[in-house]
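An overview of the molecular structure
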Amino acid sequence: MATTTTPRPTHNQPDPRDRRLGRERPVGGGELWLWLFMRISGLILMVLALGHLVIMHLLGTGAERINFGFVAVRWASPFWRTWDWMLLMLALVHGINGLRNITLDYVTRPGLRLAINMTSYVIGFTLMVLGTVIVVTFDPSKWPGAV
């Protein structure tokens, strides 16, 4: 009586039945750097976002004081423009990379995965350009009567 067994993969080939295939902790290359970026950018985002929350909503009279004039005075300082720009850029890149990770985990069809990732990259890049243009070119003197 002959028994049949399924061939075992060699040490160089992963077992295709392994449900974790492609989802292991990164050990090197680009995935490791993106994994590290998510952790570091998350910490920086916490500082930037909590600082923004405290300064804009908790100090002084709270959110009632925020209007065009308040933003114009605040953005007269390169420090605050840089703070807000960094918050915007890190939040966008962090979010797009998170969406990429979710897509890698749950979308199994390569063509659909590529389409979703490329769409999110294009939307994210567009928002980064628009946000940068707004932060860099904001000039309250071009809005007569607003300040």
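Look up: the structure comes first, before these words.
Let me begin by describing the structure that accompanies this report. (Residues numbered from 1 in each chain as written. Predicted model: local features only at pLDDT ≥ 70, side-chain atom pairs only at ≥ 80, totals over all residues. Heavy atoms only, no water.)

**Things to note about the pattern of salt bridges**
Put simply, the rule reads: For this document, the term salt bridge refers to a Lys or Arg side-chain nitrogen within 4 Å of an Asp or Glu carboxyl oxygen. The secondary structure listing takes helices from DSSP runs of H or I that are at least 4 residues long and strands from runs of E that are at least 2 residues long, numbered from the N terminus. Burial status follows relative accessibility: with a 1.4 Å probe on protein chains alone, a residue under 20% of its type maximum counts as buried, one over 50% as exposed, and anything between as partly exposed.
Evaluation of the coordinates by the stated rule reveals two salt bridges. Among the ionic pairs, E31 bridges to R100, the shortest N-O distance being 3.0 Å. With E31 in helix α1 (residues 29-58) and R100 in helix α3 (residues 78-106), the pair connects residues that are 69 residues apart, well separated along the chain. Since its relative accessible area comes to 39%, E31 is described here as partly exposed. A relative accessible area of 8% means that R100 is categorised as buried. Across the salt bridge formed by R74 and D84, the nearest N and O atoms sit 2.9 Å from each other.

**Quick look at the nonpolar core**
Note the following rule: Working definition of a nonpolar core: buried Ala, Val, Leu, Ile, Met, Phe, Trp, Tyr and Cys residues. They are joined through side-chain atoms within 4.5 Å. Two residues form a contact once any of their heavy atoms are found within 4.5 Å.
If you look at the biggest cluster of nonpolar residues, it comprises five residues: L45, L48, W83, L87 and L90. Looking at this core, the elements with two or more residues in it are α1 and α3. For this core, the element with the highest residue contribution is α3, accounting for three residues. When neighbours within four sequence positions are excluded, L90 is seen to be in contact with F37, S41, I44, L45 and L48.

Function-wise, these values are silent; they only describe arrangement.
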